[in-house]
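What follows is each chain in one-letter form.
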Amino acid sequence: MIEVNHLCKSYGSLHVLKDVSLTIGKGELVSIVGASGAGKSTLLQIIGTLDAPDSGSVTIDGVEVTSMGERELARFRNRKIGFVFQSHNLLPEFTAMENVCMPALIGGASMSEACKKAMPLLEFLNIADRASHKPSELSGGEQQRVAVARALINNPAVVLADEPSGNLDSVHARELHQLFFNLRERYQQTFVIVTHNQELAGMSDRQITIKDGGVNVM
């Protein structure tokens, strides 16, 4: 599903990624671990087409994305990649349902079509009764589930999560971790998760450790 070949990325004199190559199979749930500042989020952002490497290539679902233009990348990202961030990034003026629907609307769906796609996700995530609530009316765990539903609404091939449980207490973090595995089982998507949480990393199919700009895959 994901092929990374000879990826390099620097910021000035700081070499963050040095000739990184790896593959992630369809339906795998993989964690990326390492010390703060090691380049975990940089690698995730490059895989997610939010940042560009200095050299090397990324192929997702058979499509080489690092040579695409911005418009083409935006369309590909909307259709193929879902994102879950630590801070949720929900729009405060919109309801949970409206937040979930956003990627579908951007992709050209009508509101009624988007809602039909969103409701089964909200039901699966046990937050359908919160659909009309705004983010300020939701708990942290509920907000993160809304963010997960938003990531899934376009049925992406790949879901990328950056410290998704970083702002959650241990109980809600454990629930979110199990949720990823339930989602993988149900929808057969590929999950790549940057995390400092050793429990989640240990549950993953594989761990990719970043150290000194390189990777070690377990």
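The rules behind each value
- Residues numbered from 1 in each chain as written.
- Predicted model: local features only at pLDDT ≥ 70, side-chain atom pairs only at ≥ 80, totals over all residues.
- Heavy atoms only, no water.
- Helix = DSSP H or I, 4+ residues; strand = E, 2+ residues; numbered from the N terminus.
- Contact = heavy atoms within 4.5 Å.
- 1 Å grid on protein atoms, 1.4 Å probe; cavity = no way out; pocket = protein on both sides within 12 Å on 5 of 7 lines; lining within 4 Å.
- Points joined across faces, edges and corners; volume = space filled by probe spheres on them.
- Nonpolar A, V, L, I, M, F, W, Y, C, P; charged D, E, K, R; others polar.
- Pairing = 2+ DSSP bridges.
- Axes fitted to C-alpha atoms, helices over the stretch in contact; angles between N-to-C directions.
- Salt bridge = Lys/Arg side-chain N within 4 Å of Asp/Glu carboxyl O.
- Buried < 20%, exposed > 50% of the residue type's maximum accessible area, 1.4 Å probe, protein only.
- Parallel < 35°, antiparallel > 145°, perpendicular 65-115°, else oblique.
- Left-handed = near helix turned anticlockwise from the far one by under 90°.

Draft legend 1. Broad picture of the overall build of the protein chain. When helices and strands are tallied, the protein chain shows 7 helices and 10 strands. With the principal axes as the frame, the protein chain shows a C-alpha extent of 50 × 40 × 30 Å. By sequence separation, contacts in the protein chain at least 24 residues apart represent 69% of the contacts at least 6 residues apart.

Draft legend 2. Highlighting the layout of surface pockets. Within this model, the largest pocket holds a volume of roughly 360 Å³. Lining the largest pocket we find 14 residues, and of these Arg77, Asn78, Ile81, Phe83 and Pro103 sit closest to its centre. Sort the elements by how many residues they give to the lining of the largest pocket and strand β6 (residues 81-85) lands first, with 4 residues. Taken together, the residues that form the lining of the largest pocket break down as 9 nonpolar, 3 polar and 2 charged.

Draft legend 3. Spatial organisation of the sheet that holds strand β9 (residues 206-211). Strand order in the open sheet formed by 6 strands is β6-β7-β8-β3-β9-β10, and the pairing between neighbours is mixed. Of all strands in the sheet, those bounded by a partner on one side alone are β6 and β10 (214-217). Each adjacent strand pair in this sheet contributes to an overall mean axis angle of 20 degrees, direction not counted. Across 5 bridges, β6 lies against strand β7 (residues 158-162) in parallel orientation. Counterpart to valine 84 in the pairing with β7 is alanine 161. Each of β3 (29-33), β6, β7, β8 (190-194) and β9 touches helix α1 (residues 40-47); the most contacted strand, β7, lies at about 155 degrees to it. Seen against the sheet, helix α5 (residues 140-152) touches β6 and β7 and runs at an angle of roughly 165 degrees to β6.

Draft legend 4. A look at the pattern of salt bridges. Per the stated rule, a full pass over the model turns up 6 salt bridges. The partner of lysine 80 in a salt bridge is aspartate 61, and the shortest N-O contact between them spans 2.7 Å. One end of the pair, lysine 80, is in helix α2 (residues 70-80); the other, aspartate 61, is in the loop between β4 (55-60) and β5 (63-64), and 19 residues separate them in sequence. Given a relative accessible area of 22%, lysine 80 falls into the partly exposed group. Take aspartate 61: its relative accessible area is 35%, and that puts it in the partly exposed class.

Draft legend 5. The arrangement of the packing of α5 against helix α6 (residues 170-187) in detail. Following both chains from N to C, one finds α5 and α6 inclined at 20 degrees, their axes separated by 11 Å at the closest point. The pairing of α5 with α6 is recorded here as roughly parallel in orientation. For the element pair α5 and α6, the recorded crossing hand is right-handed. Contacts from Gly141, Gln144, Arg145, Val148 and Leu152 of α5 reach α6 at His172, Glu175, Leu176, Leu179, Phe180 and Leu183. Of the residues belonging to the contact of α5 with α6, the class tally is 6 nonpolar, 3 polar and 2 charged.

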